[in-house]
Amino acid sequence: MSKTLTLAGLVTAALLSSTATASIGGKPVVLVHGFAPDQLFDNPDSFDEVKRDGDAYWADYWLSRAEATVHWDSSERIEGGIAEDAYRQVVEISRSGLCNDGCVFLSHSTGGLLTRFLLENQNRWLAQDGLNPINVLATIDLASADGGTEIADLGISLAYNDNFFLSGAKAAFGAVFGVQPTPDNLGVVNDLQTNEARSLAVTPNGIPRLRVVGGGSPYLGVTKGFIAGKDDGVVPVHSACGGTSAEPVDSCVSWQAMTGKLTNQKAPGALWYNHYPILMAEKSDHNGMRGTQGGVTATPVVNNVWVNGLVVDFAENRYEKRPWWKLWGSGDQYVVVPGSESKNLSAVVYDTLQ
Amino acid sequence: MRKTPLTVLLAITGVFTGVGTAAYFLHDTNDQLWSLAATAAQPSTFQPSTDPAKAAAQEAGTTRPALPDRIESAVFAQVANAYQTTSRHPEYSAPMNQAQMNGYLSNNHNPVTLDVGDTTLALSLNQYRFTEGQTLEALLAKSGPAITPTKLSGTAALITEDTGESVSFSEIEPGAYEGTLSTEGMDPGEYDLRVTVPLDGSPITHVARFHIEPHLMDLLEADRPSVSDNHLVMPVDVDVHQSGDYEIAASLSVDGRAVGMVRETTTLSKGKRTIRLRAHGTLLADYPDMERLTLDQFRIRRLPPRPGDTTEFAYPDGTLNMDAPTGASSLMDEPLKNPQVVQRMEFLQRLQQQ
């Protein structure tokens, strides 16, 4: 009982102590962080520790630009301790009135999966508790893992193996999750398996989900060979875009590469309902996307033919580049966000939405 | 060897060509910035509103986004336009193509792969979630040079336990092994199928996750559909074995053409019940001459009563065919009037104007 009260007090403090006044589109921002590797091998002793980890997760860029953060413990399961912790914070947000006029949820990585779970269940649970649902106008999902990652699939098998020939695979898993997997220490990694993630809280709803997708190569590239298609070192593009199947793809759309080059690409056959890729960045690493990695040119996901047959050609944002090996004819066409090359991807997102 | 004049001429030509080509590649002007104005191919069809957000508020689902003047705006104009299309439909009657419905409603198991040196093991199941009593069929495929025996052994155990049901695998063709397991009497829960594969005598364990689900309900038959309040109402009789909050979803086809996903969330107690799946007129207005309705790909979920509880699933076999009711031609394309949708549209259009 006292633990519950303490927890509730901390959650309230976390929400009310926020002094941020920034917003996206004039609406308050609620952050939902991603996976915290340290929590797998060093389970947090208290929710205060979970909160500190969560704040540190966003400290580089977004913490000062948001009004609230949903904190959760990576050593738990989504349909378990994570749901309990997150819902307590959802209750506080509902009671605080922060989102009465609408707010934006901004997630990263596993936070995208948790966001989907919360959005699906919050109406029913809050109604049971006599509270109003949080009025979410849209989500912005950075490198969302809500379609799972093959690295998590790998971890489940590695947990049952101690074979020298799997040392490369263990190195890849350890690079991402910071721990050698055992059946008992996988926590939310269980929920990130592609089959599991793709059946958790999957139902269409009316909240637009705006997707930001990276294709960088962190961890010296050791994880690349274990993930289907293009990825950002942790999350496959099929997941980050919102593809309805775990097929290997190279881009969110078939007409545009993640470099911005206008060319045919292998893209998801379909996207989840109301999921909209908005920005891609070929060089953006999974974690660097949160604000630590600069110099990643972003490309807007936009099609020239976009409304009722109206053709809008944003030619001023295109440039032509001739490959070194091409002696004649036209060069390749690229489309990029002007100035993005001098920012980190989070800054591009934020500045674009201001 | 003495050089001929022709050889000297070719050499000189080669040098000039090389220098010229190098200069061409190194010259900055090879990256040509295009500077053309945006063009509208069919301007006569486009009536930009002077205040799109306000227009959307007045008439959700019918406004067209204003012509954007920069590429970031174009992204959100595109999103707003796409959202405008889907938000005309209520969430319980969502237009979707077959690929999207497969993503939401199928019970497929994506194969999990494990690379061991130059050999790859791929383990796949006939489905991901099994109602207790169904038969699990597993296929393990080996590709690569490692030598494996003709028989393999496996265990299906709850993820929290070390021991479980034995599963034997036999080679059905070179490098392909098949095993089956009756789930009769197995407790509901989250299981791992762990298959031990001796690769050149060195044992490797490969794991596939699956779920055993309780027997939630039986699908009985469809009653005669009717038209009410611009909805096509399709009553489906079920026999409920476990009380709870349910979501029942299915794909809807009209005369063999998949048109969308219909779903209903309701509280059900044990016994024979009737669920009324509804398709909104906006989804069906294009099919005034419809004759045959088909409900397929049923997905039933007992939703988690409280945070921390788990979702339970059922994927009953069966296709329910119905004759279209006589009033079906009266169904109208009448966009949803929902203040929250209006607010979301306003938000997306505000992003476009940032």
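Residues numbered from 1 in each chain as written. Chains lettered and ligands numbered in written order. Predicted model: local features only at pLDDT ≥ 70, side-chain atom pairs only at ≥ 80, totals over all residues.

Draft legend 1. How the structure looks around the packing of helix 6 (residues 150-158) of chain A against helix 7 (residues 167-177) of chain A. All names here are of chain A. It is the contact of helix 6 with helix 7, at a shortest axis distance of 10 Å, that shows an interaxial angle of 120°. Considered as vectors, helix 6 and helix 7 are oriented oblique to each other. Handedness of the crossing formed by helix 6 with helix 7: left-handed. Facing Ile151, Leu154, Gly155 and Leu158 of helix 6, the residues of helix 7 in contact are Ala169, Lys170, Ala172, Phe173, Val176 and Phe177. The class makeup of the residues in the contact of helix 6 with helix 7 is eight nonpolar, one polar and one charged. (Axes fitted to C-alpha atoms, helices over the stretch in contact; angles between N-to-C directions. Helix = DSSP H or I, 4+ residues; strand = E, 2+ residues; numbered from the N terminus. Parallel < 35°, antiparallel > 145°, perpendicular 65-115°, else oblique. Left-handed = near helix turned anticlockwise from the far one by under 90°. Contact = placed C-beta atoms within 7 Å. Nonpolar A, V, L, I, M, F, W, Y, C, P; charged D, E, K, R; others polar.)

Draft legend 2. Region of interest: the environment of Asp351 of chain A. Residues and elements named next belong to chain A. By the secondary structure assignment, Asp351 is in helix 10 (residues 345-352). By the C-beta count within 10 Å, which is 14 here, Asp351 ends up partly exposed. Each C-alpha atom of the pair Asp351 and Ser340 lies 9.8 Å from the other, and the pair is 11 residues apart in sequence. (Buried ≥ 20, exposed ≤ 12 C-beta atoms within 10 Å, placed from the backbone.)

Draft legend 3. Representation of the sheet that holds strand 5 (residues 209-214) of chain A. Residues and elements named next belong to chain A. With mixed pairing, the seven strands of this open sheet are ordered in space as 2-1-3-4-5-6-7. Only two strands of the sheet have a single neighbouring strand rather than two, namely strand 2 (68-70) and strand 7 (299-300). Two elements, strand 1 (residues 29-32) and strand 3 (residues 103-108), share four bridges in a ladder whose sense is parallel. If you follow Val32 over to strand 3, its bridge partner there is Ser107. (Pairing = 2+ DSSP bridges.)

Draft legend 4. The arrangement of the packing of helix 3 (residues 71-86) of chain B against helix 6 (residues 339-353) of chain B in detail. Residues and elements named next belong to chain B. Contact pair helix 3 / helix 6: the axes reach a minimum separation of 7 Å and the direction vectors enclose 160°. With respect to their mutual orientation, helix 3 and helix 6 come out roughly antiparallel. Two packed elements cross with a definite hand, and for helix 3 against helix 6 that hand is left-handed. Side by side, helix 3 and helix 6 meet where Ser73, Phe76, Ala77, Val79, Ala80, Tyr83 and Gln84 of the first sit next to Met345, Leu348, Gln349, Leu351 and Gln352 of the second. Taken together, the residues of the contact of helix 3 with helix 6 break down into eight nonpolar, four polar and no charged.

Draft legend 5. Main features of the domain arrangement of chain B. Residues and elements named next belong to chain B. On domain assignment, one finds that chain B holds domain 1 (119-213) and domain 2 (215-330). Computed from C-alpha atoms alone, the centre-to-centre distance between domain 1 and domain 2 is 34 Å. On the domain 2 side, the residues contacting the four residues of domain 1 number five residues. Taken together, the residues of the side of domain 1 that touches domain 2 sort by class into no nonpolar, one polar and three charged. (Domains from an automatic or database assignment.)

Draft legend 6. Local environment of unusual backbone geometry. Even without glycine at this site, Asn274 of chain A takes up a positive phi of about 60°. In this structure, Asn230 of chain B is a non-glycine residue whose phi angle is positive, near 60°. Accessibility expressed as a C-beta count within 10 Å gives 16 for Asn230 of chain B, which makes it partly exposed.

Draft legend 7. Focus on the environment of Thr196 of chain B. Residue and element names in this part refer to chain B. Following the sequence through the fold, Thr196 ends up in strand 10 (residues 189-199). The exposure class assigned to Thr196 is partly exposed, which follows from the 15 C-beta atoms found within 10 Å. Along the sequence, Thr196 and Thr120 sit 76 residues apart, while their C-alpha atoms lie 14 Å from each other.

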